[in-house]
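Fold and geometry: a report
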Amino acid sequence: RATMGDWDAGTKSTVQKIPLLKTKAGPRDKEEWPKRLKEEYTALIKYVQLNKGSDQDWFTISSNKEGTHWSGKCWYIHNLLKYEFDLQFDIPVTYPQTSPEIELPELDGKTSKMYRGGKICLSIHFKPLWAKNSPHFGVAHALCLGLGPWMAAEIPHLIDSGVIRHKG
């Protein structure tokens, strides 16, 4: 069973404040997809507000007009230095049943916790939780429960082992 037990208290508290989505539609659904997209942006705006309110701001993101390709920046502060990375993903045709595969292209090949093309390898707990909560989870939930914890686990290790260097 997929539970929230595998995430820290701060992540659990935050994700519970992100609005759940109601519209079960993917990019192929021409009627309902615009409605879903509006819900996605509403949830993302709330998540960004929560992060800024707790001084935990760590990404910027936007989509193309169709809402099928998303891109932006994410960053991680380690030893008072800011490490910034390009962030991108496409919405799968089977969305929202299937979560997006989040990519950090410049880290491609730098860690075993990543698939080809810089797609992050999400915890074994993420996919069952996504499946259990589909269609209520969206992009904001994927960032909160997927990318955020991945960066917290991987980035310090990559820095400490010299794989990533500060661009300062």
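Notes on the structure in this doc start here. Small disclaimer: the values here were computed from a predicted structure and weren't measured.

The rules behind the values
Residues numbered from 1 in each chain as written. Predicted model: local features only at pLDDT ≥ 70, side-chain atom pairs only at ≥ 80, totals over all residues. Heavy atoms only, no water. Core = buried A, V, L, I, M, F, W, Y, C linked by side-chain atoms within 4.5 Å. Buried < 20%, exposed > 50% of the residue type's maximum accessible area, 1.4 Å probe, protein only. Helix = DSSP H or I, 4+ residues; strand = E, 2+ residues; numbered from the N terminus. Contact = heavy atoms within 4.5 Å. Pairing = 2+ DSSP bridges. Axes fitted to C-alpha atoms, helices over the stretch in contact; angles between N-to-C directions.

What follows deals with the nonpolar core. Core analysis: the biggest nonpolar cluster contains 43 residues, and L104, L143 and L147 have the highest contact counts within it. A total of 12 residues in this core trace back to one element, the largest contributor, which is helix α4 (residues 139-160). Not counting chain neighbours up to four residues away, the residues in contact with L147 comprise W58, C74, L87, I102, L104, I120, L122 and A142.

What follows is about the sheet that holds strand β3 (residues 81-90). Strand order in the open sheet formed by three strands is β1-β2-β3, and the pairing between neighbours is antiparallel. Looking at the sheet topology across the chains shown, the edges are occupied by β1 (59-63) and β3. Between one strand axis and the next, the sheet turns by 10° as a mean value, whatever way the strands run. Bridging between strand β2 (residues 69-78) and β3 involves 10 bridges; their strand directions are antiparallel. Looking at the pairing, Y76 lines up with Y83 of β3. Contacts between helix α2 (residues 33-53) and the sheet are confined to β1 and β2, with β1 contributing the most and set at about 165° to the helix. The strands that α4 touches are β1, β2 and β3; relative to β2, the one it contacts most, it runs at about 45°.

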